[in-house]
Amino acid sequence: MFPSVSDTSDTSVSVPKVNHGRPGISRRLSKTSSPGGPLGFRKQPPGDRALLSSTRTRQGLATNQARGLHDRPQNEVLAPAPAPPREAPNKEREARTSIAKEPNKEKEARTSPAKDEEEASPPSALPPGSGSRALERKDSEWSVGESPAGEEQDKQNANNQLSTLFVEKPQGGTVKVGENITFIAKVKAEDLLRKPTIKWFKGKWMDLASKAGKHLQLKETFERHSRVYTFEMQIIQAKENYAGNYRCEVTYKDKFDSCSFDLEVHESTGTTPSIDIRSAFKRSGEGQEDAGELDFSGLLKRREVKQQEEVPEVDVWELLKNAKPSEYEKIAFQYGITDLRGMLKRLKRMRRVEKKSAAFAKILDPAYQVDKGGRVRFAVELADPKLEVKWYKNGQEIRPSTKYIFEHKGCERIMFINNCVLTDDSEYYVTAGEDKCSTELFVREPPVLVTKQLEDTRAYCGDRVELECEVSEDDAHVKWFKNGEEIIPGPRSRHYIKVDGKKHILVIEEATKADTAEYSVMTTGGQSSAKLSIDLKPLKILTPLTDQTVNLGKEICLKCEISENLSGKWTKNGLPIQESDRLKIVHRGRIHKLVVTNALVEDEGDYVFAPDAYSVILPAKVHVIDPPKINLDGLDADNTVTVIAGNKLRLEIPISGEPPPKAIWSRADKAIMEGSSRIRAEHYPDSTTLVIDVAEKDDSGVYHINLKNEAGEAHAAITIKVVDVPDPPVAPRVTHVGDDWCIMNWEPPLYDGGSPILGYFIERKKKQSSRWMRLNFDLCKETTFEPKKMIEGVAYEVRIFAVNAVGLSKPSMPSKPFVPLAVTSPPTLLAVDSVTDTTVTMKWRPPDHIGAAGLDGYVLEYCFEGTDSWIVANTELIEKTKFTITGLPTDARIFVRVKAVNAAGASDPKYYSQPILVKEIIEAPKIRIPRHLKQTYIRRVGEAINLVIPFQGKPRPELTWKKDGAPIDKNQINIRNSETDTIIFIRKAERSHSGKYDLQVKVEKYVETASIDIQVVDRPGPPQVVKINDVWGENVALSWLPPKDDGNTAITGYTIQKADKKSMEWFTVIEHYHRTSATITELVIGNEYYFRVFAENMCGLSEDVTMTKESAVIAKDGKIYKNPVYEDFNFTEAPMFTQPLVNTYAIAGYNATLNCSVRGNPKPKITWMKNKVAIVDDPRYRMFSNQGVCTLEIRKPSPYDGGTYSCKAVNDLGAVEIDCKLEVKGGLSFCRLLLQGVPPNVIDSYLRKLHSSNPEEY
């Protein structure tokens, strides 16, 4: 085992630091205070140097193996592992050169995941005489990744703590060489929106993701039903160098969790193959089977260390500093460096600092070394003595103090550090102007020596034994051994270790003969041993057995106490006693008991207890007797006998006892004698009888029966209860009255007749009537009743009958007359209308049921949170369903309730469900444009325009309207604003009112804008010119020009009429004609015709009409018809959207659709895109196209489906694209807030702020 440091509180976190290349120096950080210094840095003592080879420096390259000790006592100290025997030199060398990995602590895994290199340390010096058993112990030989049993327990305890993400952590395992093993980790995905990231490491820095291949496979699966991610790491055909400590890390956004576990690989054969040194330095890409691994453990386990004479110290730091890069691994192997990467990082940083500086004539040395408690001097020489110099330690500026002393000598600047401690081991740098130079300080800790040896001790069994020694350092790491085996105290162990400064005490509670042994203590610089002998104490009888006389069926308990915790044997009449269901032998410490339940006559005899290992006996005699008994099984549980008044009672009680007991009946200390009186007793050998002739009310009471014989006495009490009908109850009281009901209550009768009241009958009558009507046919068990179905406004009276098991009482006196009259039901829908810094405005709805008494008004009450005192807000009744509570303190929280009041009184209050914060909430403005206004709003000339635009925002926003960028003329357009909406009103629309209207809503610094397009249309003007182009046969060809005035909207068609010149009556020939030329057919030959054309738009036909100037004569004579030559009409047309996409809001979980219409010839190809990415073969989307109407359906959208959607139409003549924005609201957060009663406008404001603060999550 390696030296370790005990945590001093539950919140401490141990963070191992890399070995920075200076031999024998390591760091350990802790949040708690420590002897290391005020910053809380604590260093491990250096490892024992007794087993290091002569090629290493005297300080040693071993670092302390930090172990998690959260489950050990605060001052517990771990003992070193026993040394291997000398007759096994090969295994001894392996034990000396093996390296122990540090297990991850639970808190270290959560806070500092795998940032530094793993520390390693050789075993400490082992005590002599450990025997060959050390070779059999698992923790006597450690390879990379192996840990002793104590560390495995610590790991398991750490992994069993509450995890942030893991629901199942990978557990350590054992495998033989060539076999397979799988490690499994599971992560719950209920609160995760996407798959977490998982990494597998060997040690602290080797990422196994790049090592997947023939011998390593990583798998992951997801169970949709249970929503659990399962991650597996499978090692195939394990090798010996695969053994070690592994770690699994899982991350999701800001959450992190880590777990470490061990893999042990056992050799399949006893032979150890030779090791090629070059095979220990595998690199990725070299073509080996396990390419990419860098593992010194296989080499370090088998390297033989020969004992050599000590040679002068070798500064490995200087060797690396002056060596070529190609020699780094050779030096690391030769001197046992396990943190080569960390040392090279610091060497590179130091080399980078060693550049020439204009401010420094002489810079700091690359590194300084000092013993603990010593003094170190840092000195630089400035080129300019006027420059200001500042000293820093780990980035923190150093101020002058008794510990840090600054001196100026010309251009030389000196800093002394006095009384160096382990926390001073750090990086230091000095700045002068813009330049700086840095150095490293390494503090060495001296070995711990045993200053006071252990002493031989003798004690008795059960004593508390303390073995004490003293060491040269406070809180040093010390290991204890028993007969060469390390003592590892556990939670229930009788052994524990106390540390008091330099004193170390091994405490053994309740010592036994097995504790006799040779105990030894070991430190990094010495050891001591002593013998402990445990003897038996003289036995004393503290409590002897006593003779007992026990009643038949009772428990026999023989108890004795001796001075020692020893077992013993029980005998009865000289025969051993065997345990059974009825006979129990109990041994608890020094107390011995023999318990016999349900004693029988056969249990009588002589009992003896004899303690083991002592020639002492404890005798006792047991005598069993049978006292008299009274059998009351035929009575009730409370021994009560009930008799009706006037009847005869004969009560016979069976009795037993030997000899037959004498019976005596008594009442109130007065004996009841035999004879012929009304109350008398009769006695028989096996029973006794009490007789009462003609029972009376006064005969009720407790009767006592006493039995007595030479074996004892028996007593029983029997209650005689004489029952009768109860007295009539007192007159009932009517406490509450409703519209057709009342609530009445009454007191039970003063005398219940000796029998409990079973219930009551209730009768009712009108005051002016003499006819009583029973209201209940089933007994009323309570003293409260609610008569119903009464006539409102009529006076009633009620009365009560009491009923017990005997019969019905006489009726009570009638109640006072009462008239049914009901209060209203409570008001409904109490809600907060608005809140300011001093007022709260509440609104509600009238009661659902008012009744015949009507409704006089409302009373609004409030109370402050934390009090029960309700304050009336309105001194007089109010008829409105809205009221403002004034004069409230800012930031106060109040509860509010409202009552409805009528002639019958106040109704039950209606409470607001939660406290109201009296503070005006600044709510960002939000304009809710109605759906029909998101596209052009079209109205005809002369129609009224009345547009209501809702908006949100608190306090009351400022509104500004503009038309086409200019202020609105209020003489033509009326604008009316309220707290929740704005109305634009035009009594008679004119075409000049068309345009773009911009609305701006402003609340303090928040501004929201929206635009509305208004188009006022009218009938079009007439076509410009109508011409007769040609006349042939019965046909006339006409053409005309579109009207100059289209009525501010598109022309939808034309209507053509004809008239005979003779009658000039006009007849419609063609309606809704779209072209500007037409051919009129089927005209009458010989007639002369005029033609006129109306223009038509969405408002109708034009008021004026354009007529042809000439007439068309249909000649009677035949005329050769010439077919006109027509050019083919070009029907092709580039794509054009006739109806654009509209910005849309959708609710999460409900299908949403986007619609637009497109026109084009040839038929354009439609492509839908989201955020400029085409939507192809996505099952969440469905696309339709029917008669030019294009629809995109989004199935059950989520907030991630929000964005910019585009529709693109393409044919041979061109392409056109249109887009819109889709915002998906709701989801889990929206629904949860909505269920809590939060208004939708507040939810929208909250989600907007959340989106602006965390845009990547939305």
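Residues numbered from 1 in each chain as written. Predicted model: local features only at pLDDT ≥ 70, side-chain atom pairs only at ≥ 80, totals over all residues. Heavy atoms only, no water.

Engineer: Quick question: what am I supposed to make of the sheet that holds strand 52 (residues 773-774) here?
Structural biologist: What holds strands together in a sheet is hydrogen bonding between their backbones, with the strands either parallel or antiparallel. Strand order across the open sheet formed by three strands is 52-51-54, with antiparallel pairing between neighbours. In the strand order of this sheet, the two ends are held by strand 52 and strand 54 (796-804), each with one partner. Sheet analysis places strand 51 (residues 757-766) next to strand 52, joined by two bridges and oriented antiparallel. If you follow Arg-764 over to strand 52, its bridge partner there is Met-773. (Pairing = 2+ DSSP bridges. Helix = DSSP H or I, 4+ residues; strand = E, 2+ residues; numbered from the N terminus.)

Engineer: It is not clear to me how the environment of Ala-1115 should be interpreted in this structure. Could you clarify?
Structural biologist: Its place among the elements puts Ala-1115 in the loop between strand 81 (1112-1113) and strand 82 (1133-1139). Distance in space between the C-alpha atoms of Ala-1115 and Glu-1088 is 8.8 Å, their sequence separation being 27 residues.

Engineer: Mind showing me how you'd approach the sheet that holds strand 14 (residues 367-371) here?
Structural biologist: With mixed pairing, the five strands of this open sheet are ordered in space as 14-21-20-16-17. Both outer strands of the open sheet, strand 14 and strand 17 (396-397), are each paired with one neighbouring strand and no more.

Engineer: Explain unusual backbone geometry here, please?
Structural biologist: Most peptide bonds take the trans form, and the phi angle of most residues other than glycine is negative. The amide bond that connects Lys-954 to the next residue, Pro-955, takes the cis arrangement and shows omega of -5 degrees. With respect to the helices and strands, Pro-955 occurs in the loop between strand 66 (945-954) and strand 67 (958-963). With an omega dihedral of 5 degrees, the bond running from Asn-1161 to Pro-1162 counts as a cis peptide bond. Topologically, Pro-1162 is positioned in the loop between strand 84 (1152-1161) and strand 85 (1165-1170). Here Glu-1004, not a glycine, exhibits a phi torsion of approximately 55 degrees, which is positive. Considering the arrangement of structural elements, one finds Glu-1004 in the loop between strand 71 (995-1003) and strand 72 (1006-1017). With a phi angle near 55 degrees, Gln-1187 is a residue other than glycine that sits in the positive phi range. For Gln-1187, the position within the fold is in the loop between strand 87 (1181-1186) and strand 88 (1189-1194). Overall, the relative accessible area of 78% leaves Gln-1187 in the exposed class. (Buried < 20%, exposed > 50% of the residue type's maximum accessible area, 1.4 Å probe, protein only.)

Engineer: What exactly am I supposed to notice about the side chain of Glu-861 here?
Structural biologist: As for its placement among the helices and strands, Glu-861 is situated in strand 57 (residues 857-864). Here Arg-897 takes part through its side chain, which lies 2.6 Å from a polar atom of the side chain of Glu-861. Setting aside chain neighbours within four positions, we find Glu-861 in contact with Trp-870, Ile-871, Val-872, Ala-873, Phe-895, Val-896, Arg-897 and Lys-899. (Polar contact = N/O pair within 3.5 Å; in protein donor to acceptor, adjacent residues only side chain to side chain. Contact = heavy atoms within 4.5 Å.)

Read these as geometric descriptors, not functional statements.
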